[in-house]
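Each chain, written out:
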Amino acid sequence: MFKAAKILCKQTLYGNKGEKIMFRTIRRKAKEIDTEAAKELLESARRGVLAVNGDDGYPYAVPINYIYDKEAGKIFFHGARAGHKIDSLKASDKVCFTVYGNETIKEEEAWAPFVQSAVVFGRCHLLEEGTEATEILKKIARKYYPNEQLIDEEIERSGKAVQLFEIEIEHI
């Protein structure tokens, strides 16, 4: 039993005043980074890990390439049009997305690297094909490809097989 909240049922947390807590607060407050630092980490990290509600109640987590749109408060990524991830998202749109970085090692504690992480909770939706989706796909590609020519060639070759996704962020 922890002091800030008590568990009344498997799915719902309530605070000391009986209010429903949608997302847990970090347990080790000294390790917490502020929301702006978390957003900066979302912008700068190369990859993240997407976790979905998988088969038979097991979580399914997979590393993905992505972009974070700070103004829209959304994360965009692409993937296949079929498979475990898409089946899981069709069953439940609730996701968790984690990035980490800014690793430092203190000389006196070389065995314990210090990393910052940002954990995002939200709802993930499939994006429809069209001009907006193509522009988002190009933004994702610009993060990973060295030039526009390679981006255009890759989209021409593989773009039809790609599904775009958006995560609407509910909590960071």
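This report concerns the structure included in the present document. (Residues numbered from 1 in each chain as written. Predicted model: local features only at pLDDT ≥ 70, side-chain atom pairs only at ≥ 80, totals over all residues. Heavy atoms only, no water.)

The next point concerns the environment of V52. Considering the arrangement of structural elements, one finds V52 in strand 4 (residues 47-53). Each C-alpha atom, one on V52 and one on A91, is 9.8 Å from the other, the two residues being 39 residues apart in sequence. (Helix = DSSP H or I, 4+ residues; strand = E, 2+ residues; numbered from the N terminus.)

Next up on the list: helix 2 (residues 84-91). Every buried residue of helix 2 is listed here: K85, I86, S88 and L89. Relative to the axis of helix 2, the buried residues are bounded by an arc of 160° and lie together on one face. Along helix 2, exposed side chains directed more than 90 degrees from the buried face belong to K90 and A91. Looking at the buried residues of helix 2, the elements they touch are strand 4, strand 5 (59-69), strand 6 (74-80), strand 7 (94-104), strand 8 (114-126) and strand 9 (162-171). (Buried < 20%, exposed > 50% of the residue type's maximum accessible area, 1.4 Å probe, protein only. Arc of directions from axis to C-beta. Contact = heavy atoms within 4.5 Å.)

Attention now goes to the packing of aromatic side chains. In the structure shown here, the tally under the stated rule is two aromatic pairs. An angle of 70° between the planes, with centres 4.9 Å apart, marks the rings of Y66 and F97 as edge-to-face. Note that Y66 is positioned in strand 5 and F97 in strand 7, a separation of 31 residues in sequence. Its relative accessible area of 0% is what places Y66 among the buried residues. When the ring of F77 is compared with that of F165, the centres are 4.7 Å apart and the planes differ by 10°; the resulting orientation is stacked. With F77 in strand 6 and F165 in strand 9, this residue pair connects regions lying 88 residues apart in the sequence. When sorted by exposure, F77 lands in the same class as F165, which is buried. Looking at K143, its charged tip hangs above the ring of Y66, at a distance of 3.8 Å from the centre. (Phe/Tyr/Trp six-rings, centres within 6.5 Å; stacked < 30°, edge-to-face > 60°. Lys NZ or Arg CZ within 6 Å of the ring centre and 35° of its normal.)

Moving on, we come to the nonpolar core. Counting 32 residues, the largest nonpolar core has L50, Y66 and F97 as its most contacted members. Beyond its immediate stretch of four places on either side in the chain, L50 contacts Y60, A61, V62, I64, F77, K85, V95, C96, F97 and I167. (Core = buried A, V, L, I, M, F, W, Y, C linked by side-chain atoms within 4.5 Å.)

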